[in-house]
Amino acid sequence: MRMRYGIAGLLYLVLLGSAHGEEKYLLQPGDSLEVWVAQEDDLRRNVVVEPDGWVSFPLAGHLKAEGLTVTQVEAALSEKLRPFFKENPNLTIMLRPDPLHQPNVFMAGEVTTPGSFPYRKGMTVLHGVSVAGGLHRSEMLAADQDRSIVVKRSIEAAQSKLEQLAARYARFQAELNGGATVEVNDKNNRFIAQEQTLLDAYRQSLTAQTAARHEAETMGARNLDSIKEQIAILGRRIVFATQRRDATAALVEKGALQAGQQFDRENELAELQSGRSQLDSEMTTVQRAMNTEIAVIDTALRTQREKLLSDIVDLERDQQATRESLADAQKVMQVYENGMTAARQSNQRTTVFTIIRTVDGEPQEIEANEMTPLEPGDLVRVMYQTMDTGAELSLHTEVQPASNIASSDASAVR
């Protein structure tokens, strides 16, 4: 019996591995690749897919990795390394995907713990509700003063957060556009001074980087000009030394001078030519050092700008979620203020599931039930409805999903 179970389990693992093998993961910036070359232990190392989508490896140089599978990168790297080995290189690459690239699903509304959760193949709406702690069972009554205090504090916190996000957004825009001041419509915003201090620090850093680049370029050009001038002077000396050597050789041939004098002239010319070669090498070194320093600064500036654009997108998403959360909390307070019941008995309500899914770049709402399969990036909105009037009893937060984002926070005020 145990043998039968063991064989069945092994067959399941094989089939599972085959199923996963059909899903080709395409490399993205930030992914880490561990490379083994059997013929050369010194070539074993970890490489990271850079923001530009390329990787660097000894002997092979630079390879395009973004958008390729691990197998394709293995083949390309093996082809690059082939000329350096007598036999075909025995190459293996192990992928460690960037955690930010792992697919998620988002749960909002009447669940115990709204938020973002890792996606698993075969996941259904019921699985999503389970990982979010199950359905929210506590009932909220109009007479529940403690709950109204909590909701009121939630409103105040959301309003304060929106005020802070508005000031931060103004700073990001100033950094992006080269502005010097944080400007918001609300002049009483309490966070302007804090964001202005951060903007000043950013501008100082940007100024320092720009100055460093200019200095590197100026100093490099000055050193190159100095070396070129030395090469020109040395070139003239070589011309004169060549003429003296030829004249001495002619006199030695006529017997007017000894052969040793011709030898001295030859040595003098050789030393001058050696000095010329050293200056040429020094000029190449200075040029490379200048280019490298400038490239490092340019890369840092470009990375800084890319991060700024990403921060702006994240902040806009956070603003949208906070506004919706605030609106939901305000509706709850209205229920309290009007003395209306915020929840019914469990046998008088039903649970409604809605999936918000991005299709061709557009969000769509899909009616669902517990067994509806989920896809990466889906947002599941859970609501309670009364069975008699169909009125929604719970307030929810709608968060627009995106299939490529790595992680997001979805919140709902119940």
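The model shown is predicted, which means the values in this text are computed figures rather than measured ones.

About the cut-offs
- Residues numbered from 1 in each chain as written.
- Predicted model: local features only at pLDDT ≥ 70, side-chain atom pairs only at ≥ 80, totals over all residues.
- Heavy atoms only, no water.
- Helix = DSSP H or I, 4+ residues; strand = E, 2+ residues; numbered from the N terminus.
- Expected span 1.5 Å × (residues − 1).
- Buried < 20%, exposed > 50% of the residue type's maximum accessible area, 1.4 Å probe, protein only.
- Arc of directions from axis to C-beta.
- Contact = heavy atoms within 4.5 Å.
- Core = buried A, V, L, I, M, F, W, Y, C linked by side-chain atoms within 4.5 Å.
- Pairing = 2+ DSSP bridges.
- Salt bridge = Lys/Arg side-chain N within 4 Å of Asp/Glu carboxyl O.

Caption draft 1: Highlighting helix H2 (residues 70-81). With twelve residues, H2 extends 16 Å from end C-alpha to end C-alpha; this agrees with the ideal 16 Å at 1.5 Å per step. Burial in H2 covers these residues: Val70, Val73, Leu77, Ser78 and Leu81. Viewed end-on, H2 has its buried residues packed into an arc of 130°, placing them on one side of the element. Packing partners of the buried residues in H2 comprise strand E1 (32-37), strand E3 (54-57), strand E4 (61-64) and strand E5 (91-96).

Caption draft 2: Examining the nonpolar core more closely. One finds Val35, Val37, Phe57, Leu77, Leu81 and Ile93 to be the most contacted residues of the largest nonpolar core, which totals 19 residues. Elements with a contribution of two residues or more to this core: E1, E3, H2 and E5.

Caption draft 3: Main features of the pairing of E4. Bridging between E3 and E4 involves four bridges; their strand directions are antiparallel. Bridge assignment links Val55 to a residue of E4, and that residue is Leu63. Count of turn residues in the E3/E4 antiparallel hairpin: three residues, of which Leu59 carries a positive phi of about 75°.

Caption draft 4: Spotlight on helix H5 (residues 192-254). Between its first and last C-alpha atoms H5 spans 92 Å; for 63 residues at 1.5 Å apiece the expected length is 93 Å, and the two agree. At the exit of H5 stands Gly255, carrying a positive phi of roughly 90°.

Caption draft 5: How the structure looks around the pattern of salt bridges. Enumeration over the complete set of coordinates arrives at 18 salt bridges. Across the pair Lys161 and Asp318 runs a salt bridge, and its minimum N-O distance is 3.1 Å. Placement of the pair is Lys161 in helix H4 (residues 145-177) and Asp318 in helix H6 (residues 259-337), with a sequence separation of 157 residues. Accessibility expressed as a relative area gives 26% for Asp318, which makes it partly exposed. Glu268 is the salt-bridge partner of Arg265, the closest N and O atoms lying 3.4 Å from each other. Taken together, the residues span about one helical turn, with Arg265 and Glu268 both in helix H6 at a distance of three residues. Because the salt bridges share partners, they merge into one network encompassing Arg171, Glu175 and Glu195.

Caption draft 6: Fine view of the pairing of strand E6 (residues 104-109). Among the six residues that make up E6, six are buried, leaving the element largely enclosed by the rest of the structure. The pairing of E6 with strand E7 (residues 115-118) spans four bridges and is classified as antiparallel. Bridge pairing in E7 links Asn104 to Pro118. Turn length for the E6-E7 hairpin, with the two strands adjacent in sequence and antiparallel, is five residues.

In short, shape yes, function no, at least from these values alone.
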